[in-house]
Structures are given as structure tokens and as C-alpha cells.
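Close look at the chain arrangement
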Amino acid sequence: MNLPRRRFPHLSAGAAALPAVSRIAQGQAYPSRPVRVIVGFAPGGTADITARLIGQWLSERLGQPVVVESRPGAGTNIATEAVVRAPADGYTLLTVGTAQAINATLYNKLNFHFIRDITPVAGLIRFPNVIVVNPSVPAKTVPELIAYAKASPGKISMASAGIGSGPHVAGELFKMMAGVDMVHVPYRGGGPALTDLLGGQVQVFFPPLSHRSSISGLAGCVRSQ
């Protein structure tokens, strides 16, 4: 099997005998130490839950710990840059979603080039975005929510998982299509946003509703050399 050189460590070559080469290859088999999976959002959200489920699955099959690490902030740019700056050896992976694609056009200057510096490994999940509201909102349907928002312009707070995140873009699209005015309140992830929604600090949220995809794969992304 041909292993892409940018995803796995190079195997040593230079031993004189085949048995020696076999021992070297076995000693450097991937992975030989724990693997990190970096998530660009705070714990408790869809990205975090997905990473932990996949991490457990990977750990059982690879025989090495898979450590999930949250690096929230800047719409996942902090997490992405951390992976870009990590050694390109396959031991630092990144969960990637719509936010990374959005950031490529949302920010004029980034310390990395996402397409050039990150190599895709596998798809994980597909999910739609849904509308959830606090029980204090007198709306049971989307038309009722639109009518309530139009009657209360600027008085409804709309949570998101961060500026440029999927829930943010979904909410802005809803506002544009429905012609309503809601105040955007960005959080450092879907978990904190949902907590404040339940507590009544914000009234509306457009989170992803995760489910397994028929083409789900293994990891996320790994930096290329």
C-alpha cells in the first residue's frame, strides 16, 4: 500500500538486509504515540461531540490514545493555525467544517492558506441546521417566529457558535430571507450558546443537528508539508 508522504512519517531506508528493514518499519509504524485532534470550538457542541466519538473509535482501532483538544476563538482560526504550525507528521489532526470554508473569504489576512496548508483525510458527518428558540418566545412555527421577530425588531438575540460559524451564517441567511432584525450574539462554541439559550439569555439559535453520514470516514484534516 502506498502511504502519502505528507500524511505519515517517512520510513527509514538504508539497512542492508530485509529483516532489518522490516524491524525499522515496524518500529516506526503509524501511530506509535498519542494522536491529537484539535477542535475550533468550546466543549459541548457538535464539533466537540463528533471529535470525541470519532476519537474513541480511532483509539480502539489504532491502539493509541486519541486526545481531543479544544482551541476555541476567532471562528476556528486559532485551532486551524495551531494545526498548520504543528509538525506535518499525522499526529495533529483538525476537525473541519463550514467555518473554515467561510473564513477563507471572510478574513482578508490569515497566517495560513487553508487549501495549501491543510490536507483532507476523510469525511465524518453531514448535518442540517435547525431553528431552536427559548420557551419564552411565543412561536411554535417558523411563520410565527417571523411574525414575532417583525413585531419586535432588534429585541431578539440570536446566538451563534462564533463569527463566521455555520449557525451564524444560517442565522444571517434567515434574517435576510425573512426580512427580520435580530441581534447577533457570538459565543466560543455551540455548547455555551445552547446553555445560554436554555437559560433565556438569548432567544434564537441555528445549531447543526448531527447525524451519521452514509459516507462517514475516519479523521479530519492533517497539515501538508
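Think of each chain on its own: its residues are numbered from 1, step by step along the sequence as written. For a predicted model such as this one, the threshold for reporting local features is a pLDDT of at least 70, and the threshold for listing and counting side-chain atom pairs is 80 or more; totals across whole chains, interfaces and linings nevertheless cover every residue. Side-chain numbers here rest on the full set of heavy atoms in the structure, without hydrogens or water.

**Overview of the pairing of strand 2 (residues 66-70)**
Two faces belong to every sheet, and in a regular strand the side chains alternate between them. Summarising the sheet, strand 1 (residues 35-39) and strand 2 pair through 5 bridges and their orientation is parallel. Looking across to strand 2, one finds that Val39 is bridged to Ser70. A crossover connection joins strand 1 to the parallel strand 2 through helix 2 (residues 46-62); in handedness this β-α-β unit is right-handed. We call two strands paired when DSSP finds no fewer than two bridges between them. Strands here mean DSSP runs of E at least two residues long; helices mean DSSP runs of H or I at least four residues long; both are numbered from the N terminus. We call a crossover right-handed when, viewed with the strands running away from us, the connection from the first strand over the helix to the second turns clockwise.

**Side note on the environment of Leu106**
Structurally, Leu106 is set in helix 4 (residues 98-106). Between the C-alpha atom of Leu106 and that of Ile163, which follows or precedes it by 57 residues, the distance is 9.5 Å. Residues are treated as being in contact if the distance between any of their heavy atoms lies within 4.5 Å. Apart from residues no more than four positions distant in its own chain, Leu106 is found in contact with Ile163 and Gly164.

**Comments concerning the sheet that holds strand 7 (residues 157-160)**
In space, the 4 strands of this open sheet follow the order 6-9-7-8, with mixed pairing throughout. At either margin of the open sheet sits one strand with a lone partner, and together these are strand 6 (132-133) and strand 8 (183-186). With 4 bridges connecting them, strand 7 and strand 8 associate as parallel partners. Pairing of Ser157 across the sheet is with Val183, part of strand 8. Here, axes are lines fitted to C-alpha atoms. For helices the fit covers the stretch in contact, and angles between N-to-C directions go from 0 to 180 degrees. Packed on one face of the sheet, helix 7 (residues 166-178) meets strand 7, strand 8 and strand 9 (204-205) and runs near 150° to strand 7.

**A few points about unusual backbone geometry**
Of the consecutive residues Tyr30 and Pro31, the connecting peptide bond is found in the cis state with omega at -5°. Backbone geometry at Thr76 places phi at a positive 85°, although glycine is not the residue there. Mapped onto the elements of the fold, Thr76 is located in the loop between strand 2 and helix 3 (77-85).

**Quick word on the packing of aromatic side chains**
Aromatic pairs are defined between Phe, Tyr and Trp rings, using the six-membered ring for Trp, whenever the two ring centres lie within 6.5 Å; interplanar angles under 30 degrees are classed as stacked, those over 60 as edge-to-face, and all others as tilted. Tallying each qualifying case throughout the model produces 2 aromatic pairs. A centroid spacing of 5.3 Å and a plane angle of 50° characterise the contact between Phe174 and Phe206, whose relative ring orientation is tilted. One end of the pair, Phe174, is in helix 7; the other, Phe206, is in the loop between strand 9 and strand 10 (211-212), and 32 residues separate them in sequence. You can call Phe174 buried: its relative accessible area is 13%. Residue Phe206 is classed as buried on the basis of its relative accessible area, which comes to 4%. Summary of the burial criterion: residues with accessible area below 20% of their type's maximum are buried, those above 50% are exposed, and those between are partly exposed, where the area comes from a 1.4 Å probe applied to protein chains only.

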